[in-house]
Amino acid sequence: MNSKTAIPTIFFLSASVLGFLIWQNSDRPNKLEDSVSATHNTRSRNDNQRTLDGRQSNRPNHRNPRETTPSHLSEKAARAALGEQFMEPDQRQAWLREMVKHDPEGAIRWVEQRQEGSERGEATRELALVWTETDLEAALAWLQNMPDLSRRQSAQSSICAQLANSDAPAALALAETLELGAQKSSLLENLAAQWVGRDADAALAWAKERSDPNERERVLGRVAAAVAQKSPLEAANLVASEMSDGPEGTSAIVSVVYHWAQQDPAAAAQWVSAFPEGNIGKEAAGNLAGLWAEKDFDAADEWVASLTDPSTYAAAKIALDQAEIRLATPAEAADKETTPAPAH
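Note that residues are indexed from 1 along each chain, following the sequence as it is written. Where totals are concerned, whole chains, interfaces and linings use all residues; where local detail is concerned, this predicted model gives features only for residues with pLDDT of at least 70, and gives and counts side-chain atom pairs only at 80 or more. With hydrogens and water stripped out, all remaining heavy atoms of the structure feed into the side-chain values.

Enquirer: Mind showing me how you'd approach the packing of helix α5 (residues 118–134) against helix α7 (residues 149–164) here?
Expert: Geometry of a packed helix pair, given as the angle between the helix axes and the separation of the axes. Under this scheme, a helix contributes an axis fitted over its contacting stretch, all axes are lines through C-alpha atoms, and angles between N-to-C directions fall in the 0 to 180 degree range. Runs of H or I in DSSP of at least four residues are treated as helices and runs of E of at least two as strands, each being numbered from the N terminus. Here α5 crosses α7 at 35°, and the two axes come no closer than 9 Å. Considering only the axes of α5 and α7, their crossing is right-handed. The residues of α7 that touch α5, namely those facing R120, G121, T124, R125, A128, L129, T132 and E133, are R151, A155, S158, I159 and Q162. Classifying every residue of the contact of α5 with α7 gives four nonpolar, five polar and four charged. It is the rotation of the near helix from the far one that decides the hand of a crossing: anticlockwise by less than a right angle makes it left-handed, clockwise makes it right-handed. Contacts were defined at the residue level, with two residues in contact if any of their heavy atoms lie within 4.5 Å. Following the grouping adopted for this structure description, the nonpolar residues are Ala, Val, Leu, Ile, Met, Phe, Trp, Tyr, Cys and Pro, the charged ones are Asp, Glu, Lys and Arg, and the polar ones are all others, Gly among them.

Put into structure tokens, the structure is as follows:
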């Protein structure tokens, strides 16, 4: 190559290299700017995520208590998760079931931490009933050592009532072994009446075997009232054959008449009319007249007029007039109250 052609060639190559370098350098600021921007955006996103996570970690837990599983929680954790009042009674009972299974002492502490009075009494009863479902003996042992007599007796009575739903004889046997004070008599009566719904004959046989005459009368009266709800005639025969003319017998007759009047007042009237003179006849006639009048006043009025015993008639007539006033319009009622009853 001669000198004339070499110089232009070198100049051309130098210009090309210089142009390439200029082009490279002109693009680098943009790339650097993009890189810085991307790094900034990434850091911002990370900072925002950390802020969000921090807010979420400080946010109170508003989960629905129904989603909490008490069986996997300690007493303290369960109370914290469900709240001091445990929100719903069914949730509290579910928690207590788990506690008596895994930590009965914790359940007892929960009861004793309730406010003294009705709140603690209700908590005692609630725990006793839940505990009875799985371990009757343990529940009774806990109550037996309880110094608060009223709270103990109330919970023991509730256990007997719950047990009677599935095994009335066992509930009655248990009740007789417990020191229930004044509650015992009424509890035995209630359990016997509850038994009627499952086995009336067995309940009646148990009532007849009571050795204490007063207790026998009271229990028979409750059994008769329970029987009367389904078979008033059978209950009437029970009262007539097994009960005396005392207060318990009178109360049982009134109960039988009440249920019988709802189903067949004419048949009830025939039974009441056969009563001898005395307080029982007056009580029964008065109750029947008032109940019958609300169903069929004319029929009740005709029956009352047929009564021959003066004292029985007077009691029935008073009840009839009172029913007439209740059924009358305001004007008729005012007129009736000022009009004397005719002599019988």
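Enquirer: Explain the pattern of salt bridges to me, please; I cannot follow it from the model alone.
Expert: A side chain of one charge can pair with a side chain of the opposite charge when the charged atoms of the two come close. Salt bridges are counted wherever a side-chain nitrogen of Lys or Arg sits within 4 Å of a carboxyl oxygen of Asp or Glu. Tallied over the full model, the rule gives 14 salt bridges. When salt bridges that share partners are traced, they join E112, D148 and R151 into one network.

Enquirer: What is the right way to look at a negative patch on the surface in this model?
Expert: Note that patches include only residues with greater than 30% relative accessible area and no salt bridge, and the join distances are 9 Å for like charges and 5 Å for nonpolar side chains (Val, Leu, Ile, Met, Phe, Trp, Tyr). For every accessible area listed, the method is Shrake-Rupley and the probe measures 1.4 Å; residues are considered covered only by the protein chains on display. Neither His nor the chain termini are counted; the positive set is Lys and Arg, and the negative set is Asp and Glu. One atom stands in for each charge, and that atom is NZ of Lys, CZ of Arg, CG of Asp or CD of Glu. On the surface, D296, D298, D301 and E302 cluster together into a patch of negative charge. Tracing the sequence through the fold places D298 in helix α16 (residues 297–305).

Enquirer: Just checking my understanding: could you explain the side chain of R114 for this structure?
Expert: Residue placement: R114 occurs in the loop between α4 (104–112) and α5. Note on exposure labels: buried denotes an accessible area under 20% of the residue type's maximum, exposed denotes more than 50%, and partly exposed covers the range between, all computed with a 1.4 Å probe on protein chains only. On the basis of relative accessibility, which here comes to 5%, the residue R114 falls in the buried class. For this analysis, a polar contact is any N or O atom pair within 3.5 Å, provided that within protein one partner can donate a hydrogen and the other can accept it, and provided that sequence-adjacent residues contribute only side-chain to side-chain pairs. From its side chain, R114 meets the backbone oxygen of W110 in a polar contact 2.9 Å long.

Enquirer: What is the right way to read α7 from this model?
Expert: Given 3.6 residues per helical turn, the α-helix brings residues three or four places apart onto the same face. Between the first and last residue of a helix there are one fewer steps than residues, each counted as 1.5 Å, and that sum is the expected span. End to end, α7 covers 23 Å across 16 residues, agreeing with the expected 22 Å (1.5 Å per residue, within 8%). Summarising the contacts, the buried residues of α7 are in contact with α4, α5, α6 (136–144), α8 (168–177) and α9 (183–196). At the N-terminal boundary of α7, the capping side chain belongs to D148, with an oxygen 3.3 Å from the backbone nitrogen of S150.

Enquirer: Honestly, the environment of S118 in this entry has me stumped. Any pointers?
Expert: With respect to the helices and strands, the residue S118 is situated in helix α5. Remark: the alpha-carbon pair of S118 and R151, spanning 33 residues in sequence, is separated by 9.1 Å.

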